[in-house]
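Residue-level structure breakdown
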Amino acid sequence: MVLLRRFNAVILLIASLALVACAGDGGGVQSQKMATIKARGSLLCGTDGKLPGFGYVDSDGRYAGLDVDTCRAVAAAMLGDGEKVQFRDLNPSERFAALSSGEVDLLARNTTMTLSRDAPGGNGLSFAPTTFYDGQGVMAPSASGIRELKDLAGKPVCVPSGTTSELNLADRMREEGIAYTPLKFQTLDQMWTAYFSGRCAAVSTDRSQMAAYRSILPQPALHSLLPVVMSKEPLTPSTINADPAWADAVRWIVYGLMQAEELGITQANLEAKLAEAKANPNQAELRRFLGVEGEYGRQLGLPADFVVQAIRAVGNYGEIFERNLGRDSKLKLDRGMNRLWTQGGLIYSPPFR
């Protein structure tokens with residue numbers, strides 16, 4: 001069995017090197033990671049696995065969520081099939097090691113982009129476009145009388161260890177001069193178990209995460225989100241920065257989902273838009289975007305129609321948001337900052353040209 005595994009590993013390595021050498025349809029683009037993914041025939045994607053709206057297993061036993069759909073979009077753009085994804089559930093303390101070791105190719109797991117995580121001297125990540133703009137907050141039992149941060153003085157607060165939430169809470173409480181006791185947990189399951197069992201007076205993490213957990217409770221109204229936002233939390237997919245071609249490919253696949261919404265291209269009208277682009281040579285922007293003309297996919301080491309494949313698999317950014325977090329979901333979150341820039345939000349794609 002050991003010899004068989006080693007033989008398979010050698011075969012995969014040879015195939016990967018061959019793909020890098022010839023660069024396929026990549027027009028000279030060389031990426032070890034992309035070659036490995038193509039040789040394997042599937043994308044390894046690290047996600048939460050237990051966070052409703054972002055990455056979780058639904059009642060049908062299928063992975064779902066905004067982060068999950070991001071992974072499926074990348075798989076579809078690269079491999080022509082959004083189902084060619086293997087998901088890995090990762091907790092906050094193991095996610096970066098899993099990415100750097102190659103256990104996963106892509107991390108799409110409600111992770112905040114920060115300087116230290118991006119820098120070569122830090123975690124050495126390469127961040128894609130932000131897919132959800134969030135902020136950290138505090139949730140407490142509605143009957144506790146806790147209405148603002150000063151009410152937490154002298155009380156224990158649950159927080160996930162090794163996260164920006166831990167650091168942000170410490171900074172804010174220090175600025176406010178509030179003494180408290182942080183109870184730190186390696187996994188979110190441990191943190192929420194401690195909170196619901198009454199070990200801590202409140203819990204502090206991303207507001208979207210708390211809203212997600214509250215939505216699946218039998219009586220959500222028993223827990224209240226305090227009217228405080230103590231940080232910026234741009235939740236962003238990431239790859240390793242040692243492979244810039246792979247990072248570029250992921251970046252523009254995500255931008256493609258955003259640009260599709262701006263252009264009004266949906267899963268439902270995609271085929272009609274594609275036919276329109278092919279029939280009308282004057283539709284320059286649409287033809288470039290859908291890969292009918294130009295070599296933008298090839299410049300990234302992707303098929304010419306990589307955006308078409310991504311939209312066909314998961315829809316545009318707006319569809320992904322509404323299905324998992326917005327009006328068509330249990331969470332019913334307002335898009336807020338996650339609207340298109342043309343609607344006063346922060347979702348913005350550079351030009352496809």
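Relevant structure appears above.
By convention here, each chain's residues receive numbers from 1 onward along its written sequence. Local features in this predicted model are restricted to residues of pLDDT 70 or higher, and side-chain atom pairs are both shown and tallied only at a pLDDT of 80 or more, whereas totals for entire chains, interfaces and linings draw on every residue. Side-chain calculation: all heavy atoms of the structure are included, whereas hydrogens and water are not.

**Some remarks on the state of the cysteines**
- Two cysteine sulfurs form what is called a disulfide whenever their separation falls within 2.5 Å. Within the structure shown, the criterion is met by two disulfides.
- The side chain of Cys45 participates in a disulfide bridge whose partner is Cys71; the two sulfur atoms lie 1.8 Å from each other. Residue Cys45 is found in strand E1 (residues 43–47), and its partner Cys71 is found in helix H3 (residues 66–79); the two are separated by 26 residues along the sequence. Across the pair, exposure class does not vary: Cys45 and Cys71 are buried alike.
- Here Cys158 engages in a disulfide with Cys200; their sulfurs sit 1.9 Å apart. Its torsion about the S-S bond being -90°, the disulfide of Cys158 and Cys200 is classed as left-handed. Here Cys158, found in strand E10 (residues 156–160), pairs with Cys200, found in the loop between helix H7 (188–196) and strand E12 (202–206); they are 42 residues apart in sequence, far enough to count as distant. Think of it this way: any DSSP run of H or I at least four residues long counts as a helix, any run of E at least two long counts as a strand, and we number them from the N terminus. Burial here depends on accessible area, computed with a 1.4 Å probe over protein chains only, as a share of the maximum for the residue type. Under 20% is buried, over 50% is exposed, and the range in between is partly exposed.

**Focus: the pattern of salt bridges**
- Whenever Lys or Arg places a side-chain nitrogen within 4 Å of a carboxyl oxygen from Asp or Glu, that contact is recorded as a salt bridge. Scanning the model with the defined rule gives 18 salt bridges in all.
- Salt-bridge contacts for Arg323 lead to Asp69; the nearest nitrogen and oxygen are separated by 2.7 Å. Highlighted residues: Arg323 in helix H14 (residues 317–324) and Asp69 in helix H3, separated in sequence by 254 residues.
- Relative accessible area serves as the criterion here: at 34%, Arg323 is assigned to the partly exposed category.
- The class for Asp69 is buried, based on a relative accessible area of 7%.
- The closest approach of N and O atoms between Arg287 and Glu293, which form a salt bridge, is 2.7 Å.
- We classify Glu293 as partly exposed; its relative accessible area is 30%.
- Through salt bridges that share partners, Arg62, Asp69, Arg72, Glu83 and Arg323 make up one connected network.

**Some thoughts on the packing of helix H9 (residues 244–262) against H14**
- As a rule, the C-alpha atoms of each element are fitted with a line to give its axis, helices using only the stretch in contact, and angles between N-to-C directions run from 0 to 180 degrees. Relative orientation of the contacting elements H9 and H14 amounts to 95°, with a least axis distance of 6 Å. Here H9 lies roughly perpendicular to H14, going by the angle between them. Contact residues: H9 offers Leu257, Met258 and Glu261, while H14 offers Tyr317, Gly318 and Ile320.
- Put simply, Ala, Val, Leu, Ile, Met, Phe, Trp, Tyr, Cys and Pro go in the nonpolar bin, Asp, Glu, Lys and Arg in the charged bin, and everything else, Gly too, in the polar bin. Of the residues that constitute the contact of H9 with H14, the class distribution is four nonpolar, one polar and one charged. Roughly parallel means an angle under 35 degrees; roughly antiparallel, over 145; roughly perpendicular, 65 to 115; everything else is oblique. Contacts were defined at the residue level, with two residues in contact if any of their heavy atoms lie within 4.5 Å.

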